[in-house]
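Commentary on secondary and tertiary structure
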Amino acid sequence: MRDLGHSRAVILCGMWAEGNGAEELNTALRSLQEKLQHNENIKEEFEKTVQHIKSQAEHTECQIKQQFEKLHQFLRDEEEATITALREEEEQKKQMMKEKLEEMDRHISDLSHTIKDMEDMMRASDVCFLKKFPVSMERVQISQPDPQMASGALIHVSRYLGNLPFRVWKKMQDIVQNTPVILDPKTANPFLVLSDDLTSVRWSENKQPLPDNPERFDWYHCVLGSEGFNSGTHSWDVEVKESEWWSLGVTTASNQRKRRVFFNTDVWCGRYGLIGSGFRVEQDLERVRVYLDYDRGTVSFSDPVTNTPLHTFTTTFTDTLFPFFCCSSSLRILPVKVTPSQAERTERQIKQQFEKLHQFLRDEEEATITALREEEEQKKQMMKEKLEEMDGHISDLSHTIKDMKEMMRASDVCFLKSPDLTAGSTDGFWSFDSCAMILGQPAVQSLEEDAGHRPKQDSAFLMRVGRAFHQHGTVNENVLESDFVALCDGTTRRRSLTDRRLLVGM
C-alpha cells in the first residue's frame, strides 16, 4: 500500500505541476502582451511628439521672422522719414541760397555799372567832370550795403544724427510692448488656444492634438507663465472682463498638473464664478492686478481700475513660483509702459546708426533661429533615442512572447522545462532534487529506494506515466516497462506487471 500511495502522489503531483505551469505561463503571456501594447501606445505618442516638435519649430521660426520683419520695416520707415526731412531741409537751404545769389548778382551788376560810369566820367573833360561830380558822389553814397551770409544757412546736422538710435528706440515703444508675464505653450491644456505673442489665452470647444507631455495640464483649463520667480517683487495686470469665470494667481513649480489635484495644495489665487480653493471675488472686474513679494512671502490682489485691494495671502515661499491662468472664455496679460529709468539705461547702451541697428537685428534673428534649430535637433535626437530604445524593448517583448507561444505548443515535457529547475541538468530534464521539490520528498525517496540509485531521467518517466494516465486512464505496459528500465539505468531489478499496475493505481 505504501508503494501505491507514493505512486499516486507522484502521478498527481506531476499532473498538478503540468497544469499550474501552463496557467502561470498564460498569465505571464497576457501580462507581456499588455505591456507590449502599452509600449506600442507610448511609441505612437513619441512619434506624434516628434511631428509636433517639427511643426512647433516651423511655426515659431515663422513668428520670429514676422516679429523681426516688423522691426526692420519700422527702421526702414524711420530711415526714409529722416532722410526725407533732410532732403526737404536741403531744398529749403538751397532755395534760400539761390535767392541770396540772385540778390548778390544784382548788387554786383549795380556796382559794375557805377564803376564804369565813374571811369567814363573821369576820362571826360574837366568841365564835364565837375558838372557830374555831385551826382556821381551821391550814387556812390546811396548804394546798397554788401550782402551778409544769413544765419541758419547750413544743414542742422545734429538734428538728424544726435542720439539718432535712442530717438528711434523711443519711437519704437509705440510698436514694441513689454508684457511682464509670457505664457508657456507646453503647459497649456489642449482646450486652450494661445495668441501668437503668448500674452492672451482663450478657451476652445475643440481639443487640439497636442502631446501629453509631463508639463501640460490635462484636466483643468490652465496655463502657466514661462518664467518662474524665486526672489524679488513682480507684478502683472490681467484683463478678465471677457471671461464668465476665471481663476488666476501663483503656484509652485512642483505642483501636480495632471488629474484633479492641482488646486489641492500650493496654490494662491483669486477666483470668480467658481467653487474651489483661493479667495472668491464677488464683483465684476475689468482687470485684476497680482503683486508678488517673494522675499516677504505675500501675494496681493487688487483692482487697478479703482486701486481697490481685494485680498492678500501671507506665507513663506521655498519653491519657485509660476503665474497661472484659468478661464472659460479669454484672459489677456496687459503690457506696461517703459519707465524713464529704463530709457536712461538704454540710452547709454544704444550708440549705433541705422545700419548697425539693422545688423544687430539680423544677428539676433539668426542667433534666435539657430538656437531654435539646435533645440529642435536636440529634441529630435532625444526622441530618436527614445524610439530606438522603445523599438528594442518592443522587439524583446515580441521575441519573448513568441518563444513562450512556441514552448506552449511543444510537448508537455519541453513545456515543463524551466531554467530554474534544469539549471543543474545536462540532458535538459528535471534533476532529481528539482523533482523532489515539486513532487514531494517522500514520493521521490520511495522511487529512489525502488530504483536503487538516483535515476537520470526521473522527470521524463514520471511525466510520461502521468500524462498517459491523465489522457487514457491506463498505461501501455510496453511503454511503462521501457521507461522503468531506463529509469533504473540498466539495473537488473524489475517490477512485475502487478507492481507496475499498482504504481499507476490500476
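Please refer to the structure higher up on the page.
Within each chain, residue numbers correspond to sequence positions counted from 1 in written order. Residue-level local features of this predicted model are given only where pLDDT is at least 70; pairs of side-chain atoms are given and counted only at 80 or more, and the full residue set underlies all totals for whole chains, interfaces and linings. Hydrogen atoms and water are omitted, and side-chain values are computed over all heavy atoms in the structure.

1. As for the overall build of the protein chain
Runs of E in the DSSP output that reach at least two residues are strands. Runs of H or I that reach at least four are helices, and both are numbered from the N terminus. Helix and strand content of the protein chain: 12 helices and 12 strands. The buried share of the protein chain, taken over its 506 residues, is 34%. In what follows, a contact means two residues having at least one pair of non-hydrogen atoms within 4.5 Å. A separation of at least 24 residues holds for 71% of the contacts in the protein chain among residues at least 6 apart in sequence. When accessible area is computed with a 1.4 Å probe and restricted to protein chains, residues below 20% of their type maximum are described as buried, those above 50% as exposed, and intermediate ones as partly exposed.

2. Quick look at the nonpolar core
If you look at the biggest cluster of nonpolar residues, it comprises 32 residues, and the most contacted ones within it are L248, V299 and F325. We define the nonpolar core as a collection of buried residues of types Ala, Val, Leu, Ile, Met, Phe, Trp, Tyr and Cys that are connected through side-chain atoms lying within 4.5 Å of one another. Membership of the second largest hydrophobic core comes to 14 residues, among which are L164, V168, F354 and L372.

3. Regarding the sheet that holds strand β11 (residues 321-327)
Strand order in the open sheet formed by five strands is β3-β11-β5-β6-β7, and the pairing between neighbours is mixed. Each edge of the open sheet is held by one strand with a lone partner, namely β3 (222-224) and β7 (279-280). At least two bridges found by DSSP between two strands is the condition for calling them paired. Pairing analysis gives two bridges linking strand β6 (residues 267-272) to β7, with the strands arranged parallel. The residue bridging R271 from the neighbouring strand is R280, located in β7.

4. Comments concerning the packing of aromatic side chains
Aromatic rings from Phe, Tyr and Trp, taking only the six-membered ring of Trp, are treated as a pair when their centres fall within 6.5 Å; an angle between ring planes under 30 degrees marks them as stacked, one over 60 as edge-to-face, and anything in between as tilted. Scanning the entire structure with this criterion turns up 12 aromatic pairs. Summarising the aromatic geometry, the rings of W246 and Y272 are spaced 6.0 Å apart at their centres and angled 20 degrees between planes, so their arrangement reads as stacked. Of this pair, W246 sits in strand β5 (residues 246-252) while Y272 sits in strand β6; the two residues are 26 residues apart in sequence, bridging distant segments of the chain. Residue class for W246 comes out buried when judged on its relative accessible area of 3%. The buried category is assigned to Y272, whose relative accessible area is 18%. A centroid spacing of 6.2 Å and a plane angle of 55 degrees characterise the contact between F279 and F313, whose relative ring orientation is tilted. Here F313 lies in strand β10 (residues 308-314) and F279 lies in strand β7, a separation of 34 residues in the sequence. In this pair, the class of F279 matches that of F313, namely buried.

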